[in-house]
Amino acid sequence: MASHLRLGVNIDHVATIRNARGGDHPDPVRAAEIVAAVGGDGITAHLREDRRHIRDSDLHRIMESTDLPLNLEMAATEEMLQIALDHIPHAACIVPEKREERTTEGGLDAAGQHNHLAPIVGQLGEAGIRVSLFIEPHARQIEAAIHLKAPVVEFHTGRYAHLLLDGDNEGAQAELRRISDAAALAAKNGIEPHAGHGLTFENVQPIAAIPQLAELNIGHYLVGEAIFIGLEESIRKMRALMDEAR
Ligand code: PXP
């Protein structure tokens, strides 16, 4: 079992609210400082190609403002590669990105995109950035991550979350087993498994109980709950649920 299940807090949607008015408030940097103060393990931020939430200038400010590791979520493009190499975040999680989607709707096809991904994974790794691939919990994708020599994979938990929302408990249990088997397969092959997307107070515990998982990245729900109970309390409560599930 990974000893401590890390919680990476995705602060994108603090920036979404800021950008709704185009000004500087609320500042995602202030959110990053709160994550650090309340014992979060890392900051996750997705610089999307359309800059709908995090802006280029946020990255440097986030890195300056806390000692927490920054996990930069990025599309596998030349522009994002250059930005990652200019900033050298602790980690970079390569995600598929479509402009028209509301959020990252599925995992990266690491298997089908090997030739496109290999030089990007290689250059990030050479720069000392810990590369993660955001994939579906399928053996074929893990095999692709092994070939790409990615040290980390993050399993997309969106399907599990949606099945639960739809009341399909059987389907959700089957997806949970897939995530659990995938985490075991990754760990057996020396890849550190993470998970994230769509996690909430209600659905996090069965995921947090998967022993090989080393990190969860959670954003939208934590920021949404913060409206009602504050960001500190939102993170504290998620942390407590994760600890209870281990
Ligand atoms: N992990 C990855 C790779 C993501 O793309 C996202 C969404 O940006 C998350 C985790 C967090 O998902 P959510 O905001 O649904 O918690």
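Our structure's up above, just so we're on the same page.
Asker: How do you make sense of the sheet that holds strand β2 (residues 42-46) when you look at a structure like this?
Answerer: Two orientations exist for strands paired in a sheet by backbone hydrogen bonds: parallel and antiparallel. On the basis of which strands lie adjacent, the closed barrel formed by eight strands has the order β1-β2-β3-β4-β5-β6-β7-β8 and parallel pairing. On average, adjacent strands in this sheet sit at an angle of 25° to one another, irrespective of strand direction. Two elements, strand β1 (residues 6-10) and β2, share three bridges in a ladder whose sense is parallel. When the bridges of β2 are listed, Val-9 appears paired with Ile-43. In the packing of helix α3 (residues 56-65) onto the sheet, contacts are made with β2 and β3 (70-74), and the angle to β3 comes to roughly 165°. Contacting β3, β4 (91-94) and β5 (130-135), helix α5 (residues 114-126) runs over the sheet at an angle of about 170° to β4.

Asker: Looking at this structure, I do not really get the pattern of salt bridges. What am I missing?
Answerer: Two side chains of opposite charge can pair, provided their charged atoms sit close to one another. Inspection of every chain in the model, using the stated rule, returns 16 salt bridges. Here Asp-50 makes a salt bridge to Arg-52, at a shortest N to O gap of 3.0 Å. We classify Asp-50 as partly exposed; its relative accessible area is 31%. Shared partners join several salt bridges into a network, and the residues in it are Arg-6, Arg-130, Glu-192 and Glu-215.

Asker: Explain the packing of aromatic side chains here, please?
Answerer: Between two aromatic rings, the relevant description is the distance of the centres plus the angle of the planes. Per the stated rule, a full pass over the model turns up one aromatic pair. Measuring from centroid to centroid gives 4.9 Å for Phe-201 and Tyr-221, while their planes differ by 80°, and the two rings are edge-to-face. Of this pair, Phe-201 sits in the loop between β7 (192-196) and α9 (204-208) while Tyr-221 sits in helix α10 (residues 220-229), and the two are 20 residues apart along the sequence.

Asker: Just to check I follow, could you spell out the site of the ligand for this structure?
Answerer: Within the structure, the ligand sits among 14 residues, and Glu-73, Glu-154, Gly-198, Gly-219 and His-220 are positioned closest to it. Separating an oxygen atom of the ligand from a backbone N or O atom of Gly-219 is a distance of 2.8 Å. For the ligand, the protein covers 94% of the area, taking 400 Å² as the surface of the free molecule. Grouping the constituent residues of the shell around the ligand by class yields four nonpolar, seven polar and three charged.

Asker: Help me understand the nonpolar core in this model?
Answerer: One finds Ile-94, Leu-124, Leu-133, Phe-155, Ile-207 and Leu-216 to be the most contacted residues of the largest nonpolar core, which totals 72 residues. If we skip the residues at most four places from it in the chain, Ile-94 touches Met-74, Ala-76, Leu-108, Leu-117, Ile-120, Val-121, Leu-124, Val-131, Ser-132, Leu-133 and Phe-134.

Asker: How do you make sense of helix α6 (residues 139-147) when you look at a structure like this?
Answerer: Each turn of an α-helix holds 3.6 residues, which means side chains three or four residues apart point in the same direction. Of the residues making up α6, those classed as buried are Gln-141, Ile-142, Ala-144 and Ala-145. What you see down the axis of α6 is that its buried residues fit within an arc of 155°, all on one side. Opposite the buried face of α6, by more than 90 degrees, sit the exposed residues Arg-140 and His-147. Those residues of α6 that are buried lie in contact with β5, β6 (152-156) and α8 (169-188).

Asker: What is the right way to read the pairing of β4 from this model?
Answerer: Here is the key point about a regular strand: its side chains alternate between the two faces of the sheet. Residue alternation in β4 divides its side chains into two sets, Ala-91 and Cys-93 and Ala-92 and Ile-94, and both sets are buried. Strand direction decides the pairing type here: β3 and β4, joined by four bridges, are parallel. Note on β4: the bridge partner recorded for Asn-71 is Ala-91. Following the chain from β3 across helix α4 (residues 78-87) to the adjacent parallel β4, one finds a crossover that is right-handed. As judged from the four bridges shared by β4 and β5, these two strands associate in the parallel manner.

Conventions used here
Starting from 1, residues in each chain are numbered consecutively following that chain's sequence as written. pLDDT decides what is reported in this predicted model: residues at 70 or higher carry local features, side-chain atom pairs at 80 or more are listed and counted, and totals for whole chains, interfaces and linings draw on all residues regardless. Computation of side-chain values: all heavy atoms of the structure, hydrogens and water removed. At least two DSSP bridges between two strands are needed for those strands to be called paired. A run of H or I in DSSP counts as a helix once it spans at least four residues, and a run of E counts as a strand once it spans at least two, with each numbered from the N terminus. Fitted lines through C-alpha atoms serve as axes, helices being fitted only where they are in contact, and the angles separating the N-to-C directions of these axes extend from 0 to 180 degrees. Contact definition: two residues touch when any of their heavy atoms are within 4.5 Å. Only one rule defines a salt bridge in this text: a Lys or Arg side-chain nitrogen within 4 Å of an Asp or Glu carboxyl oxygen. Burial classes: relative accessible area under 20% of the type maximum marks a residue as buried, over 50% as exposed, and values in between as partly exposed (1.4 Å probe, protein chains only). Here is the rule: rings of Phe, Tyr and Trp (six-membered ring for Trp) pair when centre to centre is within 6.5 Å. Planes less than 30 degrees apart are stacked, more than 60 are edge-to-face, and the remainder are tilted. The rule for a residue being near a molecule or strand is that one of its heavy atoms must lie within 4 Å of it. Nitrogen and oxygen atoms within 3.5 Å of one another constitute a polar contact, given that in protein one can donate a hydrogen and the other can accept it, and given that sequence-neighbouring residues count only through two side-chain atoms. Exposure was quantified through the Shrake-Rupley algorithm and a 1.4 Å probe, taking into account, for residues, occlusion by the shown protein chains and nothing else. Under the scheme applied here, ten amino acids are nonpolar (Ala, Val, Leu, Ile, Met, Phe, Trp, Tyr, Cys and Pro), four are charged (Asp, Glu, Lys and Arg), and all others, including Gly, are polar. By convention a nonpolar core is built from buried Ala, Val, Leu, Ile, Met, Phe, Trp, Tyr and Cys residues, the set being connected through side-chain atoms within 4.5 Å. What the arc measures is the spread of directions leading from the helix axis to the C-beta atoms. Place the viewer so that the strands point away; then a crossover is right-handed whenever the path from the first strand over the helix to the second strand goes clockwise.

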